[in-house]
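Overview (structure and organization)
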Amino acid sequence: MKKTLLFIIPLLGLGCGSSNEDEVKKCSCYIQQYKRTVILKKQPDGTFIAYSDTGWNINGNKTTDNNSDCSKNETIQSTDEIVNVSSEYHRTISLKWVYKCN
């Protein structure tokens, strides 16, 4: 009987109290838009070569999101892509919105 009680008592202690891990920490965050433009130039044989790449740059004003989960920091909220093709160039504009939290 003593062995059974010793086994049950530690199990009962696991459920006691509250844990802060269950609570989602809220942060003061904003969402920033980034833009990248890649231009490919068409060759006479119909293939494309890299012509220009701006890399990711801040684009537009940031939007405040004060009720965000802190774990969203540096995650992407959404993306979009715009493609323009002409007889000479293939241009892709990529947009992404990224959470930045304090």
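Residues numbered from 1 in each chain as written. Predicted model: local features only at pLDDT ≥ 70, side-chain atom pairs only at ≥ 80, totals over all residues. Heavy atoms only, no water.

As for the packing of aromatic side chains
Formally: For this analysis, a ring pair means two rings from Phe, Tyr or Trp (six-membered ring only for Trp) whose centres lie within 6.5 Å, classed as stacked if their planes differ by under 30 degrees, edge-to-face if by over 60, and tilted for the remaining angles. Put simply, DSSP marks the helices as runs of H or I at least four residues long and the strands as runs of E at least two long, and each gets a number from the N terminus on. In this scheme, the term charge over a ring applies when either NZ of a lysine or CZ of an arginine sits within 6 Å of the ring centre and within 35 degrees of the ring normal.
A full pass over the atoms with the stated rule returns one aromatic pair. Centroid distance Tyr51 to Tyr89: 5.5 Å. Interplanar angle 50 degrees. Geometry classified as tilted. Pair noted here: Tyr51 is in strand β2 (residues 48–53) and Tyr89 is in strand β6 (residues 89–101), with a separation of 38 residues, a long-range link. Positioned above the aromatic ring of Tyr30 is the side chain of Lys62, whose terminal nitrogen or guanidinium carbon lies 4.3 Å from the ring centre.

Points about the confidence of the model for the chain
The line we're drawing: Note on scores: pLDDT gives the predictor's confidence for each residue, bounded by 0 and 100. Throughout, a residue-residue contact means that at least one pair of heavy atoms, one from each residue, lies within 4.5 Å.
Per-residue confidence for the chain gives a mean pLDDT of 82; residues scoring 70 or more make up 78%. Model confidence for the chain, summarised as mean pLDDT per element, is weakest for helix α1 (residues 2–14) at 45 and strongest for strand β3 (residues 57–58) at 96. When the criterion is pLDDT under 50, residues 1–18 qualifies, and its contacts beyond four places in sequence or with other chains add up to zero contacts.

A closer look at the environment of Ile39
Its location among the elements puts Ile39 in strand β1 (residues 26–42). A C-alpha to C-alpha distance of 9.0 Å links Ile39 and Thr54, two positions 15 residues apart in sequence. Apart from the residues within four sequence positions on either side, Ile39 is in contact with Ile49, Ala50, Tyr51, Ser52, Tyr89, His90 and Arg91.

A look at the side chain of Gln33
Applied cut-off: Pairs of N or O atoms within 3.5 Å make up the polar contacts considered here, provided that, within protein, one atom can donate a hydrogen while the other can accept it, and that residues adjacent in sequence are counted only when both atoms are side-chain atoms.
Tracing the backbone shows Gln33 in strand β1. In this structure the side chain of Gln33 is engaged in a polar contact, spanning 2.6 Å, whose partner is the side chain of Asn59. Apart from the residues within four sequence positions on either side, Gln33 is in contact with Asn57, Ile58, Asn59, Gly60, Leu95, Lys96 and Trp97.

Regarding the state of the cysteines
Convention followed: Any two cysteine sulfur atoms within 2.5 Å of one another count as a disulfide. Whether a residue is buried, partly exposed or exposed follows from its accessible area with a 1.4 Å probe, protein chains only, as a fraction of its type maximum: under 20%, in between, or over 50%, in that order.
Going through the model one piece at a time under the given rule, you end up with two disulfides. Here Cys29 is linked by a disulfide to Cys101, with a sulfur-sulfur distance of 2.1 Å. As the torsion about the S-S bond is roughly 110 degrees, the Cys29-Cys101 disulfide counts as right-handed. Of the two residues, Cys29 is situated in strand β1 and Cys101 in strand β6; the sequence distance between them amounts to 72 residues. For the residue pair Cys29 and Cys101, the accessibility class agrees, reading buried in each case. Sequence-ordered numbering of the disulfide-bonded cysteines in the chain gives the connectivity 1-3, 2-4.

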